[in-house]
Amino acid sequence: MSVSRSSLPAIAGGTPVRAKPLPFFRAAVDESDVAAVAETLRSGWLTSGPKAVELEKRLGDYLGTSHTIAVSSCSEAMFLCMKALGVGPGDEVITSPITFASTVHAILHNGATPVLADIESDTFGVDPAAVRACVSPRTKAIMPVHFGGQACRIEEILALADPAGIPVVEDAAHSFGARVHGRLLGGFGRATAFSFYATKNLTTAEGGAITTGDEVLAQRLRLLGYHGMSRDSWSRYSDKGSWYYQVQIPGYKCNLSDLHAALGLTQLSKIDHLLERRRAVADALARALEGCAAVELPREYPGNRHTWHLYVIRVRPEALRIGRDEFIQALRAENVGTSVHFIPIHRHPFFAPYLRPGRTFPVADDYYARCISLPIFPDMTDDDVRDVGDAVTRIAEHFRAG
Ligand SMILES: Cc1ncc(COP(=O)(O)O)c(C=O)c1O
């Protein structure tokens, strides 16, 4: 509820735009989700079973992918893809500096070396030219990130990777439902990893999925993701008499439970509505902020269909007397929640020993210095959007340079 439209920002002694905090994110969960999870609890089968199988089928139907494997997280999905492709010590995997740590962990856990390619400032995904410059005889895979709900320039990345025989594994954690020239993500590279974490476009609370058109890879992913066993517990239980299984390789445990899958099924049944709502909120935020010269607004790259998982503005330092961090503090004083996606990989001291020395990432660094993720979620109201617009505008005006 808005309490004051006066122009003095709360951090400078004014009354906050909102009396109650607007969270950065709120999950879009309704009674159909609650009922589906309760029904699964009552069914007596809680772990991976009929709901996980159904979710895989329905995800494949939606995305148009031939093999869809539900897993416990996108982090595990990327780890399994690296493992299944034989990524190991001595290999290099090219990825983005603007990503969550687990993209790089998936490479490190397999003993390989992450090689960062700078981003470009339209999609915030890796710049295809920077990727090309990183390719070496040791490049075993490329793992681009579809950042914030929109595809990176995946067609250009595939055009350089395919002739070189380098598999592309896409981190589409943010971008379920995103399209490039009308085609949904999930069917571009050798494999695509999605996240169904609580904040994502489609959630199972925790979870994820891998899609691939490669049957041999799909079989290996299933084997690796379930203890290296030839049969999972549901197929042993449902196939009466087939209690027998063989351990074929040392595997991991990355299956998605039916409790999570039940939530995924109801979420998937309304995904188009959820994505439409995100788009409507993004459009409304753009209208509320279009007159504010001190911030740069996110754009949809030509040919892309954005899913607006994130709404990232970039402050213009030349237009302001405060920096990004102070801007965030001022938004917090207005009771507007924000986040920063992400601290670049090369800015974490931990990763330094694993990265090629002496390399710089000017576009990623400029992005990081200026980015603020504003609230965006399907249930955001017109009043919420107006409050965000008012808060950003009053801060920008009060701290205007010159
Ligand atoms: C870009 C990116 N990749 C991967 C992940 C990991 O997803 P999960 O939490 O499902 O493991 C995240 C999580 O937020 C992410 O932001």
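What counts as what
Residues numbered from 1 in each chain as written. Predicted model: local features only at pLDDT ≥ 70, side-chain atom pairs only at ≥ 80, totals over all residues. Heavy atoms only, no water. Domains from an automatic or database assignment. Contact = heavy atoms within 4.5 Å. Buried area = accessible area lost by both parts, 1.4 Å probe. Salt bridge = Lys/Arg side-chain N within 4 Å of Asp/Glu carboxyl O. Polar contact = N/O pair within 3.5 Å; in protein donor to acceptor, adjacent residues only side chain to side chain. Helix = DSSP H or I, 4+ residues; strand = E, 2+ residues; numbered from the N terminus. Nonpolar A, V, L, I, M, F, W, Y, C, P; charged D, E, K, R; others polar. Buried < 20%, exposed > 50% of the residue type's maximum accessible area, 1.4 Å probe, protein only. Expected span 1.5 Å × (residues − 1). Pairing = 2+ DSSP bridges. Axes fitted to C-alpha atoms, helices over the stretch in contact; angles between N-to-C directions. Core = buried A, V, L, I, M, F, W, Y, C linked by side-chain atoms within 4.5 Å.

**A word on the domain arrangement of the chain**
Each assigned domain of the chain is listed here: domain 1 (31–269) and domain 2 (272–398). With 44 residues of domain 1 in contact, the opposing surface of domain 2 contributes 34 residues. Between domain 1 and domain 2 lies a buried interface of about 3300 Å² when both sides are counted; carbon and sulfur atoms form 60% of it. Among the residues domain 1 hides against domain 2, the three largest losses belong to Leu116, Gln150 and Asn201. Together they make up 17% of the total. Linking domain 1 with domain 2 are two salt bridges. Linking domain 1 to domain 2 there are 19 residue pairs in polar contact (both at pLDDT 80 or more). When contributions to the side of domain 1 that touches domain 2 are tallied by element, the ones reaching two or more residues are α4 (101–108), β3 (113–116) and β6 (179–180). Its residues assigned to classes, the side of domain 1 that touches domain 2 shows 19 nonpolar, 17 polar and eight charged.

**Let's talk about the pattern of salt bridges**
In the structure shown here, the tally under the stated rule is 24 salt bridges. Asp387 is the salt-bridge partner of Arg18, the closest N and O atoms lying 2.9 Å from each other. Taken together, the positions of Arg18 in the segment before α1 (31–43) and Asp387 in helix α13 (residues 382–398) put the pair 369 residues apart, joining distant regions of the chain. Since its relative accessible area comes to 6%, Arg18 is described here as buried. We note a salt bridge from Glu39 to Lys51, for which the minimum N-O separation is 3.9 Å. Taken as a pair, Glu39 in helix α1 and Lys51 in helix α2 (residues 50–63) lie far apart in primary sequence, 12 residues in all. Using a relative accessible area of 49% as the deciding quantity, one classes Glu39 as partly exposed. On the accessibility criterion, Lys51 (23% relative accessible area) is partly exposed. The structure contains a network of salt bridges with shared partners spanning Arg18, Asp383, Asp384, Arg386 and Asp387.

**Things to note about helix α9 (residues 258–269)**
Since the α-helix turns once every 3.6 residues, residues separated by three or four places project in the same direction. The end-to-end C-alpha distance of α9, which contains 12 residues, comes to 16 Å, matching closely the 16 Å that a straight helix rising 1.5 Å per residue would cover. Counting buried positions along α9 gives nine out of 12 residues, so the element sits mostly inside the fold. Burial in α9 covers these residues: Asp258, Ala261, Ala262, Leu263, Gly264, Leu265, Thr266, Gln267 and Leu268. Those residues of α9 that are buried are in contact with α1, α2 and α10 (271–289). You can read the cap of α9 off the contacts: a side-chain oxygen lies 3.3 Å from the backbone nitrogen of Leu259, and it is on Ser257.

**Observations regarding the sheet that holds strand β9 (residues 208–212)**
Taken in spatial order, the four strands make up an open sheet running β1-β9-β8-β5, and their pairing is mixed. The open sheet has two edge strands with one neighbour each: β1 (67–71) and β5 (169–171). The mean angle between the axes of side-by-side strands here comes to 20°, regardless of whether they run parallel or antiparallel. Bridge analysis of β5 against strand β8 (residues 191–195) gives three bridges, and the strand direction is parallel.

**What about the nonpolar core?**
Looking at soluble globular proteins, one finds that nonpolar side chains tend to be buried together. Ranked by size, the top nonpolar core spans 38 residues in total, and within it Leu59, Ile142 and Phe176 carry the most contacts. Listing elements by their share of this core, those giving two or more residues are α2, α5 (128–134), α6 (154–164), α9 and α10. Of the residues forming this core, the biggest block, five residues, is contributed by α6. Non-local contacts of Ile142, meaning those with residues more than four positions away in its chain, are made with Ile94, Val131, Ile157, Leu160, Ala161, Ile166, Pro167, Val168 and Val169. Counting 35 residues, the second largest nonpolar core, distinct from the first, contains Phe25, Ala284, Tyr311 and Ile372.

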